[in-house]
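Letter by letter, the chains look like this.
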Amino acid sequence: MTPISTLGEFGLIERIKNKFKTTHNQVIKGIGDDAAVVPIGNGLVQVYTTDLLAEGVHFDLSYAPLRHLGYKAVAVNLSDIFAMNAVPFGITVSIAFSNRFTVEAIDELYEGIKLACERYHVDLLGGDTTSSRQGLVISVTAFGQAKEEEIVYRSGAQPNDLICVSGDAGAAYAGLLVLEREKNSFVNNPELQPDLSDYDYVVARQLKPEPRGDIIQELREMGVRPSAMIDVSDGIASELHHICHQSKVGALIYANKLNLDYQTLKVAEEFQIGATTFALNGGEDYELMFTLPLKDYDKVKSSGNFHIIGKITPDEKQIQILLDTGGIADVEAQGWDHFRGENG
Ligand SMILES: [Mg+2]
């Protein structure tokens, strides 16, 4: 018998994908991007994506309020819809919960789901509720729509394209480290009240991420369409590998172009982790990474909402970073792996 940890998450997805062939030739894109793409006529397509959050693996209710959790479960799915350059319109929500959850607790969870629906203008279309032997599991499926020619895949990056990332990097992971530290000191000394005021930004980034529908909008207003796009759920390094492998290109990024918030830098220093490592491998930021043809530079250079961190190069085997020291290193694809419970 083979432990699943020998495959890792991406290996397991690949193994499942290889067992299934798409039999309906109207399916434009099946497994292998941020969302599946199916035409609905008149040049329009719908996109579908699903994500599951399990207690003890993806969240810890000792510091994640149920309302935030409901919000986040929706947000992470909408992020995958935006990553296709599509606009979400609906979700289904399925939950399993043990008998330790009260009506009031489930109300709180759905209050957060409702907030996200209102904020991102999506409808709750259905779902399922059931009991579990232990803990809480939330599965959300999101539906979006776009014109077929608007859809952006991971596979369209070309040599010399600019590599852009919205927002700042590593903040959600910084928030997680702080929350775990405070939890441990509370377990050791329940008299201590955690003071998170110096970490409000990174903690919010961990507990209540905002998917970047505003970037999709901004790019449309600028009249540019990315050549490739992915959302940053597992860290810039991991997402860069996905884009490069699927586009059959390489990349060169610059450490000094990575955008880190002051609070993230502070946490990196406290935990003695290099800022670049933090930016490349910290997961759960739910920002967008996309590539743009060089000719669009003048149209996008004044945006303060995303940063150009490097360029696409021709050699598929070279995904590299120019470090602050002047040296060049390979970017290792160290996404967060829940099957191994570690980075790497
Ligand atoms: Mg994604």
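No experiment lies behind these values; they were computed from the predicted model shown.

1. A look at the domain arrangement of the protein
One frequent convention defines the size of an interface as the accessible area lost when the parts assemble.
Stage number 1. Domain boundaries assigned for the protein yield domain 1 (4-150) and domain 2 (162-343).
Stage number 2. Inter-centroid distance (C-alpha atoms) of domain 1 to domain 2 is 21 Å.
Stage number 3. Residue assignment for the side of domain 1 that touches domain 2 shows that the elements contributing at least two residues are α1 (8-19) and α2 (66-82).
Stage number 4. Per-element accounting of the side of domain 1 that touches domain 2 gives the leading share, 9 residues, to α2.
Stage number 5. For the side of domain 1 that touches domain 2, the per-class residue count stands at 11 nonpolar, 6 polar and 5 charged.

2. Some remarks on the pairing of strand β4 (residues 123-131)
Each regular strand carries side chains that alternate between the two faces of the sheet.
Stage number 1. Burial of β4 is sparse: only 0 of the 9 residues sit out of reach of the surface.
Stage number 2. In terms of strand pairing, strand β3 (residues 87-97) meets β4 through 8 bridges, oriented parallel. From the neighbouring strand, isoleucine 91 faces β4, where its bridge partner is leucine 124.
Stage number 3. In this view, the connection linking β3 to its parallel neighbour β4 by way of helix α3 (residues 103-120) has right-handed handedness.

3. Here's the deal with the sheet that holds strand β2 (residues 44-54)
Stage number 1. Judged by pairing direction, the sheet is mixed, and its 5 strands sit side by side in the order β1-β2-β5-β3-β4 without closing on themselves. The sheet terminates laterally at β1 (36-41) and β4, the two strands that pair on one side only. Across this sheet, the average inter-strand angle for adjacent strands is 20 degrees, counted without regard to direction.
Stage number 2. Note: β1 against β2, 5 bridges, orientation antiparallel. Bridging across to β2, valine 37 finds its partner in valine 47.

4. Observations concerning helix α7 (residues 236-247)
Stage number 1. The terminal C-alpha atoms of α7, which comprises 12 residues, lie 16 Å apart, in line with the 16 Å expected from a rise of 1.5 Å per residue.
Stage number 2. Summarising burial for α7: 10 of the 12 residues are buried, a large majority.
Stage number 3. Inspection of α7 places Ile236, Ala237, Ser238, Glu239, Leu240, His241, His242, Ile243, Cys244 and Ser247 among the buried residues, and these make up the whole buried set.
Stage number 4. Where α7 is buried, its residues touch β6 (162-166), β7 (228-232), β8 (250-254), α9 (275-281), β9 (287-292) and β11 (319-322).

5. Examining the nonpolar core
Looking at soluble globular proteins, one finds that nonpolar side chains tend to be buried together.
Stage number 1. Ranked by internal contacts, the top residues of the largest apolar core, which has 90 residues, are Val74, Met84, Ile236, Leu240 and Met289.
Stage number 2. With 10 residues, α2 is the single largest residue contributor to this core.
Stage number 3. Discounting chain neighbours no more than four positions away, the residues touching methionine 289 are Val165, Met229, Ile230, Val232, Ile236, Glu239, Leu240 and Ile243.

6. Focus on the environment of lysine 257
Stage number 1. Relative to the helices and strands, lysine 257 resides in the loop between β8 and α8 (262-270).
Stage number 2. Those residues within four positions of lysine 257 in sequence are excluded, and the remaining contacts are His307, Ile308, Ile309 and Gly310.

7. Examining the packing of helix α4 (residues 171-188) against α8
Stage number 1. Where α4 contacts α8, the two axes come as close as 9 Å, and the packing angle between them is 50 degrees. Between α4 and α8, the angle is such that the two are oblique. Helix-helix and strand crossings are classified by hand; for α4 and α8 the assignment is left-handed. Residues Ala171, Ala174, Leu177 and Val178 of α4 pack against Gln263, Thr264, Val267 and Ala268 of α8.
Stage number 2. Considered class by class, the residues forming the contact of α4 with α8 number 6 nonpolar, 2 polar and no charged.

8. Focus: the confidence of the model for the protein
Stage number 1. Looking at the protein, the pLDDT average stands at 93 and 97% of residues meet or exceed 70.
Stage number 2. For residues 340-344, every residue scores under 50 in pLDDT, and the model assigns this stretch 7 contacts once sequence neighbours within four places are set aside.

Criteria and cut-off values
- Residues numbered from 1 in each chain as written.
- Predicted model: local features only at pLDDT ≥ 70, side-chain atom pairs only at ≥ 80, totals over all residues.
- Domains from an automatic or database assignment.
- Helix = DSSP H or I, 4+ residues; strand = E, 2+ residues; numbered from the N terminus.
- Nonpolar A, V, L, I, M, F, W, Y, C, P; charged D, E, K, R; others polar.
- Buried ≥ 20, exposed ≤ 12 C-beta atoms within 10 Å, placed from the backbone.
- Pairing = 2+ DSSP bridges.
- Right-handed = clockwise from strand over helix to strand, strands pointing away.
- Axes fitted to C-alpha atoms, helices over the stretch in contact; angles between N-to-C directions.
- Expected span 1.5 Å × (residues − 1).
- Contact = placed C-beta atoms within 7 Å.
- Core = buried A, V, L, I, M, F, W, Y, C linked by C-beta atoms within 7 Å.
- Parallel < 35°, antiparallel > 145°, perpendicular 65-115°, else oblique.
- Left-handed = near helix turned anticlockwise from the far one by under 90°.
- pLDDT = per-residue confidence, 0-100.

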